[in-house]
Amino acid sequence: MVNKAGTKYIFISGGVLSGVGKGITTASLALILKSKGFTVSPFKCDPYINVDAGTMNPTEHGEVFVTDDGAETDQDLGHYERFLDIDLSGANFTTTGQIYQTVIQKERNLDYKGKCVEVVPHIPEEIIRRIKIAGEKNNADIVLVEIGGTVGEYQNILFLEAARILKFRQPQDVIHIHVGYLPTPNSLGEMKSKPVQQSVRLLNSAGIQPDILVCRSDEFMDEKRREKLALFCNMNQADIFRNPDVDSIYEVPLVLEKQQIGQKVLEKLKFRVGKKDLSAWESLVATIKKPKKELPIAVVGKYFTTGDFSLEDSYISVIEAIKHACWANVVNSRIVWVDSEKIEKEGTGALKKFKGVVVPGGFGSRGVEGIIKAIQFARENKVPYLGLCFGMQLATVEFARNVAELKDANTTEINSDAYNKVIHVMPEQEKLLIGKEYGGTMRLGAFPCKLVNGTTAQKAYGRNEIYERHRHRYEFNSQFRDKLEKSGFIVSGTSLNGRLVEIIEIKGHPFFVGTQFHPEFKSRPLRPHPLFSAFIKKSCLA
Ligand code: GLN
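Procedures and definitions
Residues numbered from 1 in each chain as written. Predicted model: local features only at pLDDT ≥ 70, side-chain atom pairs only at ≥ 80, totals over all residues. Heavy atoms only, no water. Helix = DSSP H or I, 4+ residues; strand = E, 2+ residues; numbered from the N terminus. Rg over C-alpha atoms; globule rule 2.2 N^0.38 Å. Buried < 20%, exposed > 50% of the residue type's maximum accessible area, 1.4 Å probe, protein only. Areas by Shrake-Rupley, 256 points an atom, 1.4 Å probe, with all protein chains shown as cover. Lys, Arg positive; Asp, Glu negative; His and termini not counted. Charge placed at Lys NZ, Arg CZ, Asp CG, Glu CD. 1 Å grid on protein atoms, 1.4 Å probe; cavity = no way out; pocket = protein on both sides within 12 Å on 5 of 7 lines; lining within 4 Å. Points joined across faces, edges and corners; volume = space filled by probe spheres on them. Nonpolar A, V, L, I, M, F, W, Y, C, P; charged D, E, K, R; others polar. Salt bridge = Lys/Arg side-chain N within 4 Å of Asp/Glu carboxyl O. Axes fitted to C-alpha atoms, helices over the stretch in contact; angles between N-to-C directions. Parallel < 35°, antiparallel > 145°, perpendicular 65-115°, else oblique. Contact = heavy atoms within 4.5 Å. UniProt positions renumbered as here; feature names shortened; annotations may be inferred. Near = heavy atom within 4 Å. Polar contact = N/O pair within 3.5 Å; in protein donor to acceptor, adjacent residues only side chain to side chain. Sits in = over half its atoms within 2 Å of the grid points. Pairing = 2+ DSSP bridges.

**Q** Describe the overall build of the chain, naming the residues involved and giving the relevant values.
**A** Looking only at helices and strands, one finds 20 helices and 21 strands in the chain. Taking 24 Å as the expected radius of gyration for a compact globule of 542 residues, we find that the chain reaches 25 Å, a close match to that expectation. Its C-alpha atoms put the chain at 75 × 60 × 45 Å along the principal axes. Per-residue burial for the chain yields a buried fraction of 57% across its 542 residues. In the form shown here, the chain has an accessible surface area of approximately 22,700 Å², with 50% of it arising from carbon and sulfur atoms. If you average the places of the 72 positive and of the 65 negative side-chain charges in the chain, the two averages end up 4 Å apart.

Here's what the structure looks like:
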């Protein structure tokens, strides 16, 4: 630990547009500070009322990122874990819903000792309390607090208020970074700085003057715009940084550090500036940029046609895990989403051009028969297959129907009347579903799993015990284990007591693995996940 002066806090807000890249900027800055020897703890504030992201449809929210302790959080925690190569927890994430829930519960418990409990200061106080816990838990020199949403909207104002109050109380310990966007409208062909000027004004109206401005833009911002922004935002030119579009998100830390943002932040926080070592990251980016052969991989699932979030957002950890494994195998991934409802109508012809098939997690019956057809295609044509959670459950259904001849085999989730429910609801889940207790009640977080020697999974991991993260209500029905195994089904991983089936494989196939857990959550660019690596390795040979 370089810090002797106590924990410091960096707040990061966004302006002009949502999706401007605050998450990647936060993760990049955290990585830069880590590379200089500081212990960092990122913290995401989501402004919605949901207590966690688990009750939201992926079209509303994007991916639900699950941490080891089973918190259902925002996809930005995935970015933080991938950039920093550390495991975070529920303590690194909060929502307006959580904050109000705690404050109201404290009020009911008379913890406020008869005081009138008010939105301000009690809500920002609870936010600050949690931010400080995130620092203490990770023994952090610096907590980076990313405020979800965009300045000027109603929803996140109490998080900005928390930032203002903390700086008011500990001015030497807090800085504020604002990430804005400079558009270049086609009709003008010129980069415009006014929207950022205005978003800084909006931030000023919340009582906050940014210490550092990070300017997102398509191209590199020129010196003239920087001068303008400095003048109109009351800032030093040297405190304004450029963050232009780049090919890979993993390049952003290098782009920012080339401008020495780390040193600037540390000076402002009155820290001694440490020596940096970003060499591992530099060679990662060099590998990413090296021209390579493309590997076409199909990701099969139902298509989301509405909502704010695209498929890319909803399956970001899966996509990143595939990319990490591809880079490690010196290929570039070409990931194509194959709509399973289209397969239902048109058959599996579209799958012929792919070297590997992935079926990611999912819920509900839409498009399921198309997914099952895709799995059958991969099994029969010996195309490498990786099934993640729902992808493992449906692979079991496919095998039961088409190999073990259990014609009506299904998962209870899709057909609770099926005679052969090869995937059934976990007993402890049944009561919860009847009581409508949906929030935070799935089987969640990291559990140990023991692997069977000599299986594809065990060889890939090179270990006999692993910890992987779960998020599901249904599981393999062990009543069918014997019957399926006799037909060539392999159970290669189970819970430590052997009762829960966690990984399945198929005999005589080059690579056919389904996991009840989500390995994608633990893939890191510098440490690709062993199952993804093994899958890509086989796909390269297909
Ligand atoms: N819907 C399935 C279940 O609840 C799979 C969940 C998932 O893929 N995350 O068990």
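After presenting the structure, the write-up continues.
**Q** Before we move on, can you summarise the layout of surface pockets with the specific residues and values?
**A** One number sums up the size of the second largest pocket: a volume of about 730 Å³. If you trace the second largest pocket, you find 35 residues lining it, with Pro58, Gly362, Phe363, Met442 and Arg471 closest to the centre. Of the residues belonging to the lining of the second largest pocket, the class tally is 16 nonpolar, 12 polar and seven charged.

**Q** Which residues make up empty space enclosed by the protein, and what are the values?
**A** Counting across every chain of the model gives one cavity of 30 Å³ or more. Its boundaries defined by the atoms lining it, the largest cavity holds a volume of some 80 Å³. Lining the largest cavity we find 14 residues, and of these Lys302, Tyr315, Gly361, Gly362 and Ile371 sit closest to its centre. For the lining of the largest cavity, the secondary structure elements donating two or more residues are strand 10 (294-301) and helix 15 (368-380).

**Q** Just give me the short version of the pattern of salt bridges, but keep the residues and values in it.
**A** As enumerated under the stated definition, the model contains 37 salt bridges in all. With a closest N to O distance of 2.7 Å, Glu398 and Arg379 form a salt bridge. Highlighted residues: Glu398 in helix 16 (residues 390-402) and Arg379 in helix 15, separated in sequence by 19 residues. Like Arg379, Glu398 is buried. Among the charged side chains, a salt-bridge network with shared partners connects Asp68, Glu81, Asp85, Asp87, Arg469, Arg524 and Arg527.

**Q** Describe the packing of helix 1 (residues 22-35) against helix 10 (residues 261-268), listing the residues and the values that go with them.
**A** Running from amino to carboxyl end, helix 1 crosses helix 10 at an angle of 80°, the nearest separation of the two axes being 9 Å. The angle between helix 1 and helix 10 places the two elements in the roughly perpendicular class. Residues Leu29, Ile32 and Leu33 of helix 1 lie in contact with helix 10, whose contacting residues are Ile261, Gly262, Val265 and Leu266. Residue composition of the contact of helix 1 with helix 10, by class: six nonpolar, one polar and no charged.

**Q** Describe the UniProt feature "binding site: UTP" (unreviewed entry) in the chain, listing the residues and the values that go with them.
**A** Per the UniProt record, "binding site: UTP" (unreviewed entry) is annotated on Ser18, Lys192, Ser193, Lys194, Pro195, Val196, Gln197 and Lys228. Of the residues just listed, which span 211 residues, the most distant C-alpha pair is 23.2 Å apart, and they do not cluster in one region. When its relative accessible area of 47% is taken as the criterion, Lys194 is described as partly exposed. Looking at where Gln197 falls in the secondary structure, it is placed in helix 7 (residues 194-205).

**Q** Break down the site of the ligand for me, with residues and values.
**A** Gly361, Gly362, Phe363, Cys389, Phe390, Gln393, Glu413, Arg471, His472, Arg473, Tyr474 and His518 make up every residue found near the ligand. A distance of 3.0 Å separates an oxygen atom of the ligand from a polar side-chain atom of Gln393. Between a nitrogen atom of the ligand and a side-chain N or O atom of His518, the distance comes to 3.1 Å. The protein chains hide 99% of the 290 Å² of surface that the ligand would expose on its own. When atom positions are compared with the pocket grids, the ligand is found to occupy the second largest pocket. Mapped onto the shell around the ligand, the elements with two or more residues apiece are helix 16 and strand 17 (465-472). Here the shell around the ligand is composed, by residue class, of four nonpolar, five polar and three charged.

**Q** Go over the sheet that holds strand 14 (residues 410-411) with me, naming the residues and quoting the values.
**A** Reading across the sheet, the three strands line up as 14-15-18 and stay open at both edges, with mixed pairing between neighbours. In the strand order of this sheet, the two ends are held by strand 14 and strand 18 (474-476), each with one partner. Packed onto the sheet, helix 16 meets strand 14, strand 15 (421-425) and strand 18 and runs at close to 150° relative to strand 15. Strands in contact with helix 17 (residues 427-434) are strand 15 and strand 18; relative to strand 15, the strand with the most contacts, it is inclined by about 55°.

**Q** Can you tell me about the UniProt feature "binding site: ATP" (unreviewed entry) in the chain, naming the residues and giving the values?
**A** In the UniProt entry, the feature "binding site: ATP" (unreviewed entry) is given for Gly19, Val20, Gly21, Lys22, Gly23, Ile24, Asp76 and Val246. Setting aside residues no more than four positions away along its own chain, Val20 makes contact with Gly15, Val179, Gly180, Tyr181 and Arg216. Turning to its location among the elements, Gly23 is positioned in helix 1. Accessibility expressed as a relative area gives 6% for Gly23, which makes it buried. In this view, Gly23 contacts Asp76, Tyr80 and Glu146; residues no more than four positions away in its chain are not counted.

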